[in-house]
Amino acid sequence: MSGAAQKETSKAAGVDKPTEQERAEERARTAKLVDRARKGDLAAYDELIRTFQERIYATLYNMTSNHEDAHDLTQEAFIKAYRSLDSFKGQSSFYTWIYRIAVNRTINFLKKRNRRVNLSLNDMDANVENNPELVSLVSDKTPRRDANLTELQEKLNEAMQRLSESHRLVVTLHDIQGMSHEEIGKIVNCNTGTVRSRLFYARQQLQAHLSDYLK
Amino acid sequence: MNDEPKDQEFEKLRQLLELKRHEVPPPGYFEDFSAGVIARIEAEDARPAPSWWRRLLPGIDTSPVMLGAYGVIVGSLVIAGVQLLPSGTAPQGSEGGPQLSATETAQPAATPEAATDLIPETRPVVADLGVDQPETAPLKTLGNEAEHVARSAPTGMFDPPSIHNTSRVERVSFPANQ
């Protein structure tokens, strides 16, 4: 996959890896917006939402495998964050802080949801047909020759939902969102060793659940 | 910690998980998303603030148990207040106004003899003070009341203990005020 295509794919999934300078600029811009939002400037908060909405939504969607739940939880996370802006001291980045709010609310939600999982999956974007790795994985390398993308999507989501919330979160943030172990550790509030071990265990579980598609 | 071998071990899985990145909400979904959040924030702000008693009793709407508990507490307070009220309105060592005099004379008037015994005790006191007031009217009233009580109820049946106590204190302290 070319760099441009990869960046396009990443953007579509809410995954973008900016340079250090871009990060510094974003931090400064975010800090200004947070200050304005704290004073009740909803236009500033609107900008903050637009900055983070895709990444937060994507995480919550992959945690719940349900568009409606992800929609509600993302909205609630942004509302909760707005009400709690005074408690944001800037010790972590706003990005990490709002991620924590969103993730904690989602984990609480999933615990209440019990084991009843109602999948409500989003459609694949058009780029998936242009991803040669995925196309070959589906059509050539799996023993299930008749497997199509939709079926694979369902199996993948079912396998994800079999993981515990903490393991699903780590796989989502690392393998789907593309976050580093350090970033995940800050969000989940644990050290990178724990993140790595959870990731390893979660991958093992997924591999067992999806063995038919990975031979 | 080197993740290379582990990452290779899970390479196929990683490729499969890439599929999840292509699951996206309907086109235009994110264009309206922030507007929805802002609208909800504004709607919450526009909602009138809850009254003080609602803030004080947050669970009263949702929890019947809380409602019952509040009922019991309020009921207990009312009962306790009613029981404490008589002793609170008859302070010890007071000057003994007309109301207390009535209580004092009514209580021992459980028998007609007792009621008449009281009259000479109070009459000289008023006379000594030189108060120019009708002496017979209140005494007559008290006497009638005592007779009525004596006829209708046995001794001390409706008299709470506090009234007895108040009467005794008043009787002892009354001469000291002379």
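Residues numbered from 1 in each chain as written. Chains lettered and ligands numbered in written order. Predicted model: local features only at pLDDT ≥ 70, side-chain atom pairs only at ≥ 80, totals over all residues.

Here the focus is the overall build of chain A. Counting secondary structure elements, chain A contains 11 helices and 0 strands. Counted from the first residue to the last, chain A has its helices and strands arranged as α-α-α-α-α-α-α-α-α-α-α. When each of the 215 residues of chain A is scored for burial, the buried share is 34%. For chain A, contacts bridging at least 24 residues in sequence account for 69% of all contacts bridging at least 6. (Helix = DSSP H or I, 4+ residues; strand = E, 2+ residues; numbered from the N terminus. Buried ≥ 20, exposed ≤ 12 C-beta atoms within 10 Å, placed from the backbone. Contact = placed C-beta atoms within 7 Å.)

Residue and element names in this part refer to chain B. Overall, the predicted model of chain B reaches an average pLDDT of 65, with 35% of residues at or above 70. Averaged pLDDT values over the elements of chain B bottom out at 46 in helix 6 (residues 98–106) and peak at 94 in helix 3 (residues 29–46). Counted against residues more than four places away or in other chains, residues 93–106, with its pLDDT under 50, gives 22 contacts. Reported for the predicted complex are a pTM of 0.63 and an ipTM of 0.80. (pLDDT = per-residue confidence, 0-100.)

Time to look at the interface of chain A and chain B. In this complex, chain A contributes 38 residues to the contact, which on the side of chain B involves 25 residues. Elements supplying a minimum of two residues to the side of chain A that touches chain B: helix 1 (3–12), helix 3 (42–64), helix 4 (67–83), helix 6 (132–141), helix 7 (149–162), helix 8 (165–176), helix 10 (192–209) and helix 11 (211–214) of chain A. Top contributing element to the side of chain A that touches chain B by residue count: helix 3 of chain A, with 7 residues. Class assignment of the residues belonging to the side of chain A that touches chain B gives a composition of 21 nonpolar, 9 polar and 8 charged. (Nonpolar A, V, L, I, M, F, W, Y, C, P; charged D, E, K, R; others polar.)

With that out of the way, let us pick up the packing of helix 9 (residues 181–188) of chain A against helix 10 of chain A. All names here are of chain A. Running from N to C, helix 9 and helix 10 cross one another at 100°; their axes reach a closest spacing of 8 Å. By the angle between their directions, the pair helix 9 and helix 10 is classed as roughly perpendicular. Across the interface between the two elements, His181, Glu182, Ile184, Gly185 and Val188 of helix 9 pack against Thr192, Val195 and Arg196 of helix 10. Looking at the contact of helix 9 with helix 10 residue by residue, the classes come out as 3 nonpolar, 3 polar and 2 charged. (Axes fitted to C-alpha atoms, helices over the stretch in contact; angles between N-to-C directions. Parallel < 35°, antiparallel > 145°, perpendicular 65-115°, else oblique.)

Okay, the nonpolar core next. A general feature of soluble globular proteins is that nonpolar side chains tend to end up buried together. All names here are of chain A. Residues Ile56, Leu60, Ile98, Ala102 and Val170 are the most contacted members of the largest nonpolar core, which totals 54 residues. Element by element, the count of residues in this core is highest for helix 3, at 10 residues. Taken domain by domain, the makeup of this core includes at least three residues from each of domain 1 (18–122) and domain 2 (130–215). Beyond its immediate chain neighbours, meaning those up to four positions away, isoleucine 56 contacts Thr74, Ala77, Ile98, Tyr99 and Ala102. (Core = buried A, V, L, I, M, F, W, Y, C linked by C-beta atoms within 7 Å. Domains from an automatic or database assignment.)

Turning next to unusual backbone geometry. All names here are of chain A. The phi angle at serine 65 is positive, at roughly 55°, despite the residue not being glycine. Its location among the elements puts serine 65 in the loop between helix 3 and helix 4. At asparagine 189, a residue that is not glycine, the phi angle is positive and equals roughly 65°. Take asparagine 189: it is sitting in the loop between helix 9 and helix 10. For asparagine 189, a count of 12 C-beta atoms within 10 Å corresponds to the exposed category.

In this section: helix 10 of chain A. The end-to-end C-alpha separation of helix 10 of chain A is 26 Å, in line with the 26 Å expected for 18 residues at 1.5 Å each. Listed as buried for helix 10 of chain A are Val195, Arg198, Leu199, Ala202, Arg203 and Leu206 of chain A. Around the axis of helix 10 of chain A, the buried residues are gathered within 135° of arc, so they sit on the same side. Seen from the buried face of helix 10 of chain A, the exposed residues on the opposite side, beyond 90 degrees, are Gly193, Ser197 and Ala208 of chain A. Elements in contact with the buried residues of helix 10 of chain A: helix 7, helix 8 and helix 9 of chain A together with helix 2 (11–17) of chain B. (Expected span 1.5 Å × (residues − 1). Arc of directions from axis to C-beta.)

This paragraph deals with the environment of threonine 74 of chain A. All names here are of chain A. With respect to the helices and strands, threonine 74 occurs in helix 4. On the basis of neighbour count, threonine 74 is assigned to the buried category, with 26 C-beta atoms found within 10 Å. Sequence spacing of threonine 74 and glutamine 53 is 21 residues, and the spatial spacing of their C-alpha atoms is 7.6 Å. Threonine 74 has contacts with Gln53, Ile56, Tyr57, Leu60 and Ala102, leaving out every residue within four places of it along the chain.

Residue and element names in this part refer to chain A. Residues of helix 9 that are buried include every one of Ile184, Ile187 and Val188, and no others. Down the axis of helix 9, the buried set is contained in an arc of 85°. They therefore lie on one face. Looking at the buried side of helix 9, the elements it contacts are helix 5 (94–112), helix 8 and helix 10. Just beyond helix 9, the residue with positive phi is asparagine 189, at close to 65°.

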